[in-house]
2 protein chains.
Amino acid sequence: MTIVSPLAPERLPELKPILGVRLATVACGIRYAGREDLMLAELAPGSAIAGVFTKSQTAGPPVLWCRDCLPGGKVRGVIVNSGNANVFTGRAGRDVVEQTAATAARLFGCDPKEIFISSTGVIGEPPPGQKIVEALPRMVPMLSPDAWEPAARAIMTTDTFAKVATATATIGGVGVRLNGFAKGSGMIAPDMATMLGYIFTDAALPAAVLQPLLAQAADRSFNCLTVDGDTSTSDTVLLCATQQSAHPVMADPADGRLEGFRQALYAVMIDLAQQIARDGEGAQKFVTIEVTGAETAQAARRIALTIGNSPLVKTALSAGDPNWGRIVMAVGRAGEKIDPDRLSISIGGIRITAEGGPVPGYDEGPVAEYMKGRNITIAVGVGTGRGSATVWTCDLTHSYIDINASYRS
Amino acid sequence: MTIVSPLAPERLPELKPILGVRLATVACGIRYAGREDLMLAELAPGSAIAGVFTKSQTAGPPVLWCRDCLPGGKVRGVIVNSGNANVFTGRAGRDVVEQTAATAARLFGCDPKEIFISSTGVIGEPPPGQKIVEALPRMVPMLSPDAWEPAARAIMTTDTFAKVATATATIGGVGVRLNGFAKGSGMIAPDMATMLGYIFTDAALPAAVLQPLLAQAADRSFNCLTVDGDTSTSDTVLLCATQQSAHPVMADPADGRLEGFRQALYAVMIDLAQQIARDGEGAQKFVTIEVTGAETAQAARRIALTIGNSPLVKTALSAGDPNWGRIVMAVGRAGEKIDPDRLSISIGGIRITAEGGPVPGYDEGPVAEYMKGRNITIAVGVGTGRGSATVWTCDLTHSYIDINASYRS
């Protein structure tokens with residue numbers, strides 16, 4: 001009965017298999033009736049992993065487990081359930097993670113620390129350990145190299161569409177492929193807009209190379225995304241590399257031959273991040289905020305996120321109201337140095353302010369017309385340096401309230 | 001046609017005159033038809049002033065002017081208009097402030113730097129300098145010691161009720177009185193929820209004593225207030241002391257004999273701050289968030305504000321949904337150190353969490369019943385220290401969207 005976001009991509013891209021990756025999904029009845037809610041990914045022996053996680057102080061047992069396992073740099077399995085976040089579940093929550101990892105490790109003949117686990121859904125409810133542990137053996141014979149879309153669907157909570165992305169690159173002249181899927185930000189039973197993302201590649205790169213590449217890419221993609229400013233307890237992005245490609249070995253993340261791979265990783269992760277904004281709760285408009293001229297890139301991102309998180313800016317966007325005074329307000333409160341007399345604001349490429357006031361003869365008509373569209377770009381120059389950043393978000397509509405103010409039960 | 005907030009106080013307190021303060025209001029047609037939009041306060045010669053202002057980087061000319069005048073410590077007039085914020089108005093905005101101050105200074109026979117000015121309303125529109133300058137001479141014969149409620153009404157934008165507060169204290173055995181009024185957070189033509197507050201007293205205290213007292217009180221009152229997290233370009237609180245009381249002279253803000261005055265100042269400012277939360281855009285519930293056990297008072301306030309600004313918490317409040325997982329989320333993302341295993345959450349005095357999970361046998365029923373009420377208290381202990389803070393806010397409802405997503409024109 002979910003209405004698909006009007007901002008959803010028109011079609012899913014085709015995701016070709018990645019050598020060394022197989023996927024399976026089942027419905028194990030955690031919360032949602034009649035849909036798959038558990039995803040298992042099997043990685044070939046020797047696969048390497050990198051990960052980035054929520055900075056929340058109340059991160060749940062799955063995130064704590066993944067952080068513990070990450071220094072090993074090895075992965076054989078990734079398990080994700082939807083419907084229950086396994087956060088703030090006390091000792092029981094930690095037990096479930098350990099039992100899940102032990103079960104999968106037996107099935108794959110590996111160390112439990114090579115099993116990575118994520119959970120998304122309601123906080124503080126008893127974790128469905130038994131259901132997961134019983135489902136895993138059934139899933140092994142179902143593992144398939146083609147189940148990308150089912151995998152993307154199984155990890156959804158109240159997302160209105162599955163989010164997948166793919167890219168290819170060459171490393172030292174040899175082709176590699178990247179497939180990714182993610183979930184985030186739609187909710188029917190309002191709980192937590194956890195952002196989860198999984199990227200798989202056949203590249204033969206060690207964890208020590210993958211980790212800095214993933215961290216950089218997360219900084220330019222998922223970390224530039226906001227729907228409502230509420231950081232989840234469970235945000236997780238994993239990058240798994242199956243080592244199946246025959247490209248030259250390289251151990252230095254700064255190796256110039258990795259540039260194509262780096263760009264492909266950016267492309268996949270930015271695509272997924274934008275899809276999450278496009279599926280923001282109640283979203284009717286996809287909004288890109290470009291800030292330039294800040295003291296640093298970090299300052300630029302902070303200003304862009306302050307604009308993107310401002311409820312006053314977001315409600316104006318939903319109304320198609322070119323209320324640029326609210327952008328001035330948000331820039332002013334971001335806590336970064338700006339030069340008000342050099343502050344330039346453009347919407348849809350139309351310049352609105354200059355020299356500390358509206359441009360002479362400013363005509364709101366064309367901006368109002370532009371703002372009727374589904375895709376809105378706001379460009380802001382703050383006149384103090386060369387730092388720049390781009391952030392993606394959506395508008396704030398009545399549906400956001402409907403989705404989140406309905407009683408859970 | 002404005003519907004008064006259901007959280008408004010049942011009646012306005014009576015504000016008695018303060019020796020040395022006279023007030024006048026007029027309708028000068030800045031924006032609102034048929035209501036007063038300009039307030040003039042005259043202070044007796046020798047009156048002292050303290051002020052705190054927005055930290056916004058895009059503060060407007062009135063705030064910049066007040067900051068410039070503040071080191072003088074003297075005040076003869078306070079002028080506030082509603083309907084136009086005089087922010088991002090370029091050279092014209094600065095001219096209007098200077099002309100306004102010069103005109104009032106001529107009328108009162110004082111230095112222009114003894115005239116303090118605030119403006120609230122739309123950003124980036126031509127400031128109504130001529131209207132204000134022409135109105136001021138007409139207002140002088142109207143000045144009255146009793147016009148507190150009209151003054152509070154004249155500075156409203158889309159507030160749904162006038163906000164006044166009063167208290168008395170003794171300094172060295174001699175009685176003094178404090179009257180205050182404030183505006184904030186209601187909007188019909190959605191622009192900027194500027195917070196303005198003005199407190200007047202007959203105390204005989206110099207600016208050097210008033211300023212630290214005001215800064216401390218602002219930290220415990222207006223700085224503990226959030227409606228939507230969007231800091232205005234124009235926030236201003238002024239404390240004017242007419243020196244008419246015959247209490248002993250004191251020059252040290254730490255003088256023990258000031259304790260009663262300090263408490264009365266807190267009482268007036270906390271009362272006004274709570275009234276602003278009670279008039280938050282679309283507010284249906286008044287929410288008090290008490291955080292204890294943080295590393296510092298500042299950390300506690302940051303955690304409390306993160307809870308109070310969370311759209312997920314605020315929508316749950318509007319639904320009366322005891323969705324405490326969202327409080328866990330907000331505490332986790334506040335960026336302050338907490339101990340998840342010692343995190344205690346209570347709503348309406350009912351303990352919900354202990355030892356990293358829900359309390360054994362937790363029954364949601366009584367909490368859901370409590371949350372149907374108009375006044376909600378959330379208490380959170382974070383288990384890392386002795387810092388505490390209290391923050392006031394309101395819920396996030398459809399009316400917030402209606403108020404802010406309607407097109408301005």
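So, how was this worked out
- Within any chain, residue numbers begin from 1 and follow the written order of that chain's sequence.
- Note on labels: chains are lettered from A, ligands numbered from 1, in written order.
- A pLDDT threshold of at least 70 governs which residues receive local features in this predicted model, and a stricter bar of 80 or more applies before side-chain atom pairs are shown or counted, although totals over entire chains, interfaces and linings include all residues.
- Each residue is represented by a C-beta atom placed from its backbone, and any two residues with such atoms within 7 Å are regarded as in contact.
- Under the scheme used here, helices are H or I runs from DSSP no shorter than 4 residues and strands are E runs no shorter than 2 residues, and both carry numbers assigned from the N terminus.
- Residues are grouped as follows: nonpolar covers Ala, Val, Leu, Ile, Met, Phe, Trp, Tyr, Cys and Pro; charged covers Asp, Glu, Lys and Arg; every other residue, Gly included, is treated as polar.
- Convention adopted: a line fitted to C-alpha atoms gives each axis, helices being fitted over their contacting stretch, and angles between N-to-C directions are expressed from 0 to 180 degrees.
- Angular relationships are summarised with four words: roughly parallel below 35 degrees, roughly antiparallel beyond 145, roughly perpendicular across 65 to 115, and oblique for the angles in between.
- Helix crossings get a hand from a simple test, with the near helix turned counterclockwise from the far one by less than a right angle marking a left-handed crossing and a clockwise turn marking a right-handed one.
- For two strands to be treated as a pair, DSSP must find no fewer than two bridges joining them.
- The exposure label follows from counting other C-beta atoms within 10 Å of a residue's C-beta, where the C-beta atoms are placed from the backbone and the thresholds are 20 or more for buried and 12 or fewer for exposed, leaving partly exposed in between.
- Residue ranges assigned to the domains are those given by an automatic or database domain assignment.
- Copy-to-copy alignment: least squares on C-alpha atoms, limited to residues at pLDDT 70 or above in both.
- The reported arc concerns the directions from the helix axis to the C-beta atoms and nothing else.

**What about the interface of chain A and chain B?**
For step 1, the next point in the chain: At the junction of the two partners, chain A supplies 51 residues and chain B supplies 51 residues.
For step 2, the next point in the chain: Contributing elements (two or more residues each) for the side of chain A that touches chain B: α8 (311-319), α9 (324-333), β14 (357-358) and α11 (398-405) of chain A.
For step 3, the next point in the chain: Along the lines of polarity and charge, the residues of the side of chain A that touches chain B split into 21 nonpolar, 22 polar and 8 charged.

**Side note on the packing of helix α1 (residues 61-69) of chain B against helix α2 (residues 90-108) of chain B**
All names here are of chain B.
For step 1, the next point in the chain: Two numbers describe how α1 lies on α2: the axes approach to 9 Å, and their chain directions differ by 50°. Between α1 and α2, the crossing angle belongs to the class labelled oblique. In this structure, the crossing between α1 and α2 has a hand that is right-handed. Contacts between α1 and α2 pair Pro61, Pro62 and Trp65 from the former with Gly93, Arg94, Val97 and Ala101 from the latter.

**Considering the sheet that holds strand β15 (residues 375-381) of chain A**
All names here are of chain A.
For step 1, the next point in the chain: Strand order across the open sheet formed by 5 strands is β12-β11-β15-β10-β16, with mixed pairing between neighbours. The outermost strands of the open sheet, each flanked by one partner alone, are β12 (350-351) and β16 (387-394).
For step 2, the next point in the chain: Two strands pair when backbone bridges link them, and strand β11 (residues 344-347) and β12 are joined in this way by 2 bridges, in the antiparallel orientation. When the sheet's bridge partners are listed, isoleucine 347 is paired in β12 with isoleucine 350.
For step 3, the next point in the chain: Its contacts with the sheet place helix α7 (residues 297-309) against β10 (286-294), β15 and β16, and it is angled at close to 25° to β16.

**Concerning helix α1 (residues 61-69) of chain A**
For step 1, the next point in the chain: Regarding α1 of chain A, the residues found buried are Pro61, Pro62, Val63, Trp65, Cys66 and Cys69 of chain A.
For step 2, the next point in the chain: Considering only its buried residues, α1 of chain A is in contact with β3 (48-53), α2 (90-108), β5 (115-122) and β9 (236-241) of chain A.

**Let's talk about the environment of aspartate 202 of chain A**
All names here are of chain A.
For step 1, the next point in the chain: Considering the arrangement of structural elements, one finds aspartate 202 in the loop between β8 (196-201) and α5 (207-220).
For step 2, the next point in the chain: The exposure class of aspartate 202 is buried, given the 24 C-beta atoms found within 10 Å.
For step 3, the next point in the chain: Along the sequence, aspartate 202 and aspartate 341 sit 139 residues apart, while their C-alpha atoms lie 51 Å from each other.
For step 4, the next point in the chain: What aspartate 202 contacts, discounting residues up to four positions off in sequence, is Ile18, Leu19, Gly20, Val176, Arg177, Thr242, Gln244 and Ser245.

**Here's the deal with the sheet that holds strand β6 (residues 163-171) of chain A**
Either a parallel or an antiparallel arrangement is found when strands of a sheet pair, and the pairing is made through backbone hydrogen bonds.
Residue and element names in this part refer to chain A.
For step 1, the next point in the chain: Pairing in this open sheet of 5 strands is mixed, and the strands run β3-β9-β8-β7-β6 from one edge to the other. Sheet topology places β3 and β6 at the edges, where each strand pairs with a single neighbour. Across the sheet, the mean angle from the axis of one strand to that of its neighbour is 15°, orientation sign disregarded.
For step 2, the next point in the chain: In the packing of α5 onto the sheet, contacts are made with β3 and β9, and the angle to β3 comes to roughly 30°.

**Here we look at the domain arrangement of chain A**
Residues and elements named next belong to chain A.
For step 1, the next point in the chain: Partitioning chain A into domains gives domain 1 (21-278) and domain 2 (286-405).
For step 2, the next point in the chain: Its C-alpha centre places domain 1 at a distance of 32 Å from the equivalent point of domain 2.
For step 3, the next point in the chain: Listed as interface residues are 11 residues of domain 1 and, on the opposing side, 13 residues of domain 2.
For step 4, the next point in the chain: Of the residues assigned to the side of domain 1 that touches domain 2, the class counts are 7 nonpolar, 3 polar and 1 charged.

**Here we look at the relation of the copies chain A and chain B**
For step 1, the next point in the chain: Rotating chain A by 180° and moving it 0.0 Å along the rotation axis overlays it on chain B with an RMSD of 0.0 Å. Expressed as an axis order, the relation between the two copies is that of a two-fold axis. Residue histidine 398 of chain A of chain A places its C-alpha closer to the rotation axis than any other residue of that unit, at 3.0 Å.
For step 2, the next point in the chain: Most of the interface of chain A is mirrored in chain B, where 100% of its interface residues again form contacts.

**Quick word on the pairing of β15 of chain A**
All names here are of chain A.
For step 1, the next point in the chain: In this sheet, β15 lies alongside β10 in parallel orientation, the contact comprising 7 bridges. From the neighbouring strand, valine 287 faces β15, where its bridge partner is isoleucine 376.
For step 2, the next point in the chain: Pairing analysis gives 4 bridges linking β11 to β15, with the strands arranged antiparallel. What sits directly across from serine 346, in β15, is alanine 379.

**Observations concerning unusual backbone geometry**
Residues and elements named next belong to chain A.
For step 1, the next point in the chain: The phi torsion at asparagine 86 lies on the positive side, around 45°, for a residue other than glycine.
For step 2, the next point in the chain: Of note, asparagine 86 is situated in the loop between β4 (77-84) and α2.
For step 3, the next point in the chain: On the neighbour-count criterion, asparagine 86 (33 C-beta atoms within 10 Å) is buried.

**Side note on helix α3 (residues 129-139) of chain A**
All names here are of chain A.
For step 1, the next point in the chain: Among all positions in α3, only Gly129, Ile132, Ala135, Leu136 and Met139 are buried. End-on view of α3: buried residues confined to an arc of 135°, all on one side of the axis. Along α3, exposed side chains directed more than 90 degrees from the buried face belong to Gln130, Glu134 and Pro137.
For step 2, the next point in the chain: Where the residues of α3 are buried, they touch β1 (21-26), β2 (38-43), β4 and α2.

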